[in-house]
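Okay, here's what each chain looks like letter by letter:
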Amino acid sequence: MQLTIEKLPESRIAFFRNVGEYGEKQNKELMEAFKGWAQLNGLFENSTILGIPQDNPEITPKGECRYDVSVVIDKDFQVEEPAQVGTFSGGKYAIFLLDHTKEAVSEFWGTIFSEIEKNNLVIREQPIIERYTSQMIANHLCEILVPIR
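Residues numbered from 1 in each chain as written. Predicted model: local features only at pLDDT ≥ 70, side-chain atom pairs only at ≥ 80, totals over all residues. Heavy atoms only, no water.

## Some remarks on the overall build of the chain
When its secondary structure is counted, the chain shows three helices and eight strands. Shown N-terminal to C-terminal, the secondary structure of the chain runs as helices and strands in the order β-β-α-β-β-β-β-α-β-α-β. Computed over C-alpha atoms, the radius of gyration of the chain comes to 15 Å, within 12% of the 15 Å expected from 2.2 N^0.38 for 149 residues, which places it in the range of a compact globule. Over its C-alpha atoms, taken along the principal directions, the chain stretches across nearly 45 × 30 × 30 Å. Within the chain, buried positions represent 42% of all 149 residues. In the chain, the proportion of contacts linking residues at least 24 apart, taken out of those at least 6 apart, comes to 75%. For the chain, the exposed area adds up to about 8800 Å²; of that, 49% sits on carbon and sulfur atoms. Averaging the locations of the 15 positively and 23 negatively charged side chains of the chain gives two centres separated by 4 Å. (Helix = DSSP H or I, 4+ residues; strand = E, 2+ residues; numbered from the N terminus. Rg over C-alpha atoms; globule rule 2.2 N^0.38 Å. Buried < 20%, exposed > 50% of the residue type's maximum accessible area, 1.4 Å probe, protein only. Contact = heavy atoms within 4.5 Å. Areas by Shrake-Rupley, 256 points an atom, 1.4 Å probe, with all protein chains shown as cover. Lys, Arg positive; Asp, Glu negative; His and termini not counted. Charge placed at Lys NZ, Arg CZ, Asp CG, Glu CD.)

## Comments concerning the nonpolar core
Residues Phe34, Trp37, Phe96 and Val146 are the most contacted members of the largest nonpolar core, which totals 29 residues. Listing elements by their share of this core, those giving two or more residues are β2 (11-19), α1 (24-40), β4 (66-73), β6 (91-99), α2 (102-118) and β8 (141-147). A per-element tally of this core places α1 first, with five residues. Not counting residues within four places of it along the chain, the set of residues in contact with phenylalanine 34 comprises Ala14, Phe15, Phe16, Ile49, Val69, Ser70 and Val71. In terms of nonpolar packing, the next biggest core, distinct from the first, is built from ten residues, Leu8, Phe15, Ile52 and Leu145 among them. (Core = buried A, V, L, I, M, F, W, Y, C linked by side-chain atoms within 4.5 Å.)

## Description of the sheet that holds β2
Reading across from one edge, β1-β6-β8-β7-β3-β4-β2-β5 is the order of the eight strands in this open sheet, with antiparallel pairing throughout. Looking at which strands have only one partner, the edges of the open sheet turn out to be β1 (2-8) and β5 (84-88). Along the sheet, successive strands turn relative to each other by an average axial angle of 35°, direction set aside. (Pairing = 2+ DSSP bridges. Axes fitted to C-alpha atoms, helices over the stretch in contact; angles between N-to-C directions.)

## Details of α2
With 17 residues, α2 ought to run about 24 Å at 1.5 Å a step, and its terminal C-alpha atoms sit 24 Å apart, in line with that. Within the sequence span of α2, burial applies to Ala104, Phe108, Ile112, Glu115 and Ile116. Contacts made by the buried residues of α2 are with β6 and β8. Following α2 by one or two positions, asparagine 120 adopts a phi angle in the positive range, close to 55°. (Expected span 1.5 Å × (residues − 1).)

## Re the packing of aromatic side chains
Evaluation of the coordinates by the stated rule reveals seven aromatic pairs. Taken together, the aromatic side chains of Phe16, Phe34 and Trp37 make up a single cluster linked through ring pairs. A cation over a ring is seen here: arginine 124 above tyrosine 93, with NZ or CZ 5.0 Å from the ring centre. (Phe/Tyr/Trp six-rings, centres within 6.5 Å; stacked < 30°, edge-to-face > 60°. Lys NZ or Arg CZ within 6 Å of the ring centre and 35° of its normal.)

## Concerning unusual backbone geometry
Cis rather than trans, the peptide bond between glutamate 81 and proline 82 has omega equal to 15°. For proline 82, the location among the structural elements is in the loop between β4 and β5. Backbone geometry places asparagine 120, a non-glycine residue, at a positive phi of 55°. Tracing the backbone shows asparagine 120 in the loop between α2 and β7 (129-133). Even without glycine at this site, histidine 140 takes up a positive phi of about 55°. Positionally, histidine 140 belongs in the loop between α3 (134-138) and β8.

## Observations concerning the pattern of salt bridges
Overall, the coordinates contain eight salt bridges when judged by the stated rule. One salt bridge in this structure joins aspartate 55 and arginine 66, with 2.8 Å as the shortest N-O distance. In this pair, aspartate 55 is assigned in the loop between β3 (48-53) and β4 and arginine 66 in strand β4, connecting sequence segments eleven residues apart. The class of aspartate 55 is buried, set by a relative accessible area of 15%. (Salt bridge = Lys/Arg side-chain N within 4 Å of Asp/Glu carboxyl O.)

By themselves, these observations are geometric and do not establish any function.
Right, dumping it as structure tokens:
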């Protein structure tokens with residue numbers, strides 16, 4: 001598993017939100033709707049898309065969990081509905097590049113905490129994020145960003 005460390009800046013984002021139980025079907029539907037909106041608004045090519053689970057389903061009732069799909073935007077970009085405007089807080093992240101398959105993602109979740117420990121990293125209290133570019137999507141890749149100190 002390829003690991004790099006990156007410090008990301010605070011960024012303005014446009015996002016779609018799903019409220020409810022996390023799941024592959026819901027996330028995929030939200031992502032497809034968002035990609036369509038991003039393409040219509042000229043934001044899909046050469047952009048960075050973030051998938052951000054806002055809540056821990058072990059603490060938050062499953063029906064109240066929030067999952068955002070977002071794109072980093074310029075400060076002057078006028079966001080049209082149904083998207084909302086928000087802020088990505090940025091910070092230091094351990095970045096893991098992996099195949100965007102069910103098997104690879106499942107394997108990642110099975111080994112992530114041992115990888116963090118093995119690399120002497122400490123996780124911060126922020127969501128673990130999925131990051132995509134249009135080029136990564138075309139090549140069936142994704143990055144998982146783990147917030148670290």
